[in-house]
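Coordinates in review
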Amino acid sequence: MATTEECRAALEKLSDHMGDAEGDVRAAAELDRSVSCHITDLDVTFAGRMADGRIDVRETLEGPPREKAEIRLAMTGDDLVALVDGELHFARAWGSGRVKLEAGLRDLFRLRKLL
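From a predicted model like this one, the values you see are computed outputs, not experimental measurements.

This next bit is on the nonpolar core. Within the largest apolar cluster, 29 residues are counted, with the highest numbers of intra-cluster contacts made by I71 and L80. Going through the elements one at a time, α1 (4–20), β1 (33–39), β2 (44–51), β3 (54–62), β4 (71–75), α3 (77–84), α4 (90–95) and β5 (100–103) are the ones with two or more residues in this core. The residues contacting L80, other than those within four sequence positions of it, are C7, A10, L11, I39 and M75.

By secondary structure assignment, the location of D79 is in helix α3. Only 2.5 Å separates the side chain of D79 from the side chain of R98, close enough to count as a polar contact. Among all residues touching D79, those that are not within four sequence positions of it are L88 and R98.

Here we take up the environment of E12. Within the secondary structure, E12 is located in helix α1. Since its relative accessible area comes to 33%, E12 is described here as partly exposed. On a C-alpha basis, the gap between E12 and R58 in space is 12 Å, while along the polypeptide they are 46 residues apart.

This paragraph deals with the pattern of salt bridges. This structure, assessed with the given rule, holds 8 salt bridges. With a shortest N-O distance of 2.7 Å, K13 and D85 are connected by a salt bridge. Of the two residues, K13 sits in helix α1 while D85 sits in the loop between α3 and α4, which places them 72 residues apart along the sequence. Judged by relative accessible area, which is 38%, D85 ranks as partly exposed. Overlapping salt bridges, with partners in common, bring together D32, R49 and E70 in one network.

A full pass over the atoms with the stated rule returns 0 disulfides. C37 carries a free sulfur, and the closest cysteine sulfur to it, the one in C7, is 7.5 Å from it. A relative accessible area of 3% means that C37 is categorised as buried.

Conventions and cut-offs
- Residues numbered from 1 in each chain as written.
- Predicted model: local features only at pLDDT ≥ 70, side-chain atom pairs only at ≥ 80, totals over all residues.
- Heavy atoms only, no water.
- Core = buried A, V, L, I, M, F, W, Y, C linked by side-chain atoms within 4.5 Å.
- Buried < 20%, exposed > 50% of the residue type's maximum accessible area, 1.4 Å probe, protein only.
- Helix = DSSP H or I, 4+ residues; strand = E, 2+ residues; numbered from the N terminus.
- Contact = heavy atoms within 4.5 Å.
- Polar contact = N/O pair within 3.5 Å; in protein donor to acceptor, adjacent residues only side chain to side chain.
- Salt bridge = Lys/Arg side-chain N within 4 Å of Asp/Glu carboxyl O.
- Disulfide = S-S within 2.5 Å.

Put into structure tokens, the structure is as follows:
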């Protein structure tokens, strides 16, 4: 089971990948939205902001998100690490319910290029 520190490191790695992206992926990463990632098996939430092609994690909270972010993710820590490392395909994980993503319809269309 991934630790809180490993999950935070995975989010930093994802942020680095977003910052290095180009073309359509870069355009998707340029959204300016509040974001939360609830790690279900650890019952911890990383909350922050996606802006300027990066994810800035501002808080690590115990339990589920306290406020409704504009982009909300929920998954296990192991799935987060596997997604970021390229070992788990996002669309398959989302389709099977292993990963939950909630956002406005327009954001979902833009995020599909990123994920």
